[in-house]
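Tertiary structure, described
As a plain string of letters, each chain reads:
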Amino acid sequence: PERFMFRVCRALLFRGVLLGARSLPVHASRVRYGPTLAPGRIVTGRYQFSRSFSNRRPQLDDIIDIGDEGEDDDGGSSRSSGSHLHERASALYVAGHFQAALQEYTKAIQADYELAPAYEGRANCYVALRQYDLATRDFFHAIHINPASYQSLASIGYCNVCLGKDDVAIKYYDQVLSLMPNYLPARGERADLHAKMNNIDQALEDYMTILKTDPVSLPALMGLAKIALHEGDLENACQLYARVVSRQPPEFTAQTAGTEPSTALTPARAWSQPRYSTPALFTEAWTGMGLAQYTQENNKEAVESFTRALALP
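What you are looking at is a predicted structure, and each value in this text was computed from that prediction instead of being measured.

Further remarks concern the packing of helix α8 (residues 184-196) against helix α9 (residues 200-213). At a closest axis distance of 8 Å, the pairing of α8 and α9 adopts a crossing angle of 150°. By the angle between their axes, α8 is roughly antiparallel relative to α9. Both α8 and α9 take part in a crossing whose hand is left-handed. On α9, the residues touching Leu184, Arg187, Gly188, Arg190, Ala191, Asp192, His194 and Ala195 of α8 are Gln202, Ala203, Asp206, Tyr207, Thr209, Ile210 and Thr213. The residue inventory of the contact of α8 with α9, partitioned by class, reads 6 nonpolar, 5 polar and 4 charged.

Spelled out as structure tokens, the structure:
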């Protein structure tokens, strides 16, 4: 009986092993990889084992989770690298090394194709290098990534100004102001263009809107003064120019005496900020006041104004 029971158990054990082996697919000894959409993200077919071995393999959901974590790590690493390159490029840009900054911005974009500030930074480099078509392309890329980037939209208008396409630029500034009515740089650029195109009523409306928000906006005061001088309103022109020159600092540092400080600023802000800190604004104001005084036959005052203009760096 003992020998019989031993034979029965051995037969059952042998039968179970065979059945277990038959339950495996032919390729069960190999790991089969399915297609992938992106590095680290497995779609299907990572492991193909029978249910009898389900307790020995990780679940597919777990594998996808691991893949997602790996993707986030890789993406996070790329984004971190892109941000680091962007910071380095911005430092070069502010220092005036536009060509080197352009190369660093390009590396940042290659590290993270969805880094909108890198496109904007590279576009600003193109503007500084007077390559306005390339700048416009990058500003459009930034808007595609971040549709709410009204500053990039204003910068496209600025590029069109530099290309001599005033009508096109005004349309872009109109779009910016429809999104952000209080964005003064776009309103100021539009006012300057209207004045240049002799659309006096529109220019006056924009300049006055700016002064309601910023009563000491020197570019807006300059715009009104030039319109008054052009229209022959000499008394108001002198008063407006006087308000501008009254804000002239006692001396100019080496930084503010640069020839083109606006190249180190975002084109969208080029209307408002550089003119506050450059001698060119006050040179223009003293010259305009001298012309108004000369037309009024106030020769002595006119000579003094012209002398002040020539004394500025």
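Taken as a whole and judged by the stated rule, the model has 10 salt bridges. The shortest N-O distance in the salt bridge between Asp174 and Arg190 comes to 2.7 Å. Here Asp174, found in helix α7 (residues 166-179), pairs with Arg190, found in helix α8; they are 16 residues apart in sequence, far enough to count as distant. The exposure class assigned to Asp174 is partly exposed, which follows from its relative accessible area of 33%. Owing to a relative accessible area of 14%, Arg190 belongs among the buried residues under this scheme. As a salt-bridge pair, Lys226 and Glu284 come within 3.2 Å of each other at their nearest N and O atoms. Linking Lys226 in helix α10 (residues 218-231) with Glu284 in helix α12 (residues 279-295), this pair joins segments that are 58 residues apart in sequence. Look at Lys226 and you get partly exposed, because its relative accessible area is 38%. Residue Glu284 is classed as partly exposed on the basis of its relative accessible area of 36%.

Calculation criteria
- Residues numbered from 1 in each chain as written.
- Predicted model: local features only at pLDDT ≥ 70, side-chain atom pairs only at ≥ 80, totals over all residues.
- Heavy atoms only, no water.
- Axes fitted to C-alpha atoms, helices over the stretch in contact; angles between N-to-C directions.
- Helix = DSSP H or I, 4+ residues; strand = E, 2+ residues; numbered from the N terminus.
- Parallel < 35°, antiparallel > 145°, perpendicular 65-115°, else oblique.
- Left-handed = near helix turned anticlockwise from the far one by under 90°.
- Contact = heavy atoms within 4.5 Å.
- Nonpolar A, V, L, I, M, F, W, Y, C, P; charged D, E, K, R; others polar.
- Salt bridge = Lys/Arg side-chain N within 4 Å of Asp/Glu carboxyl O.
- Buried < 20%, exposed > 50% of the residue type's maximum accessible area, 1.4 Å probe, protein only.

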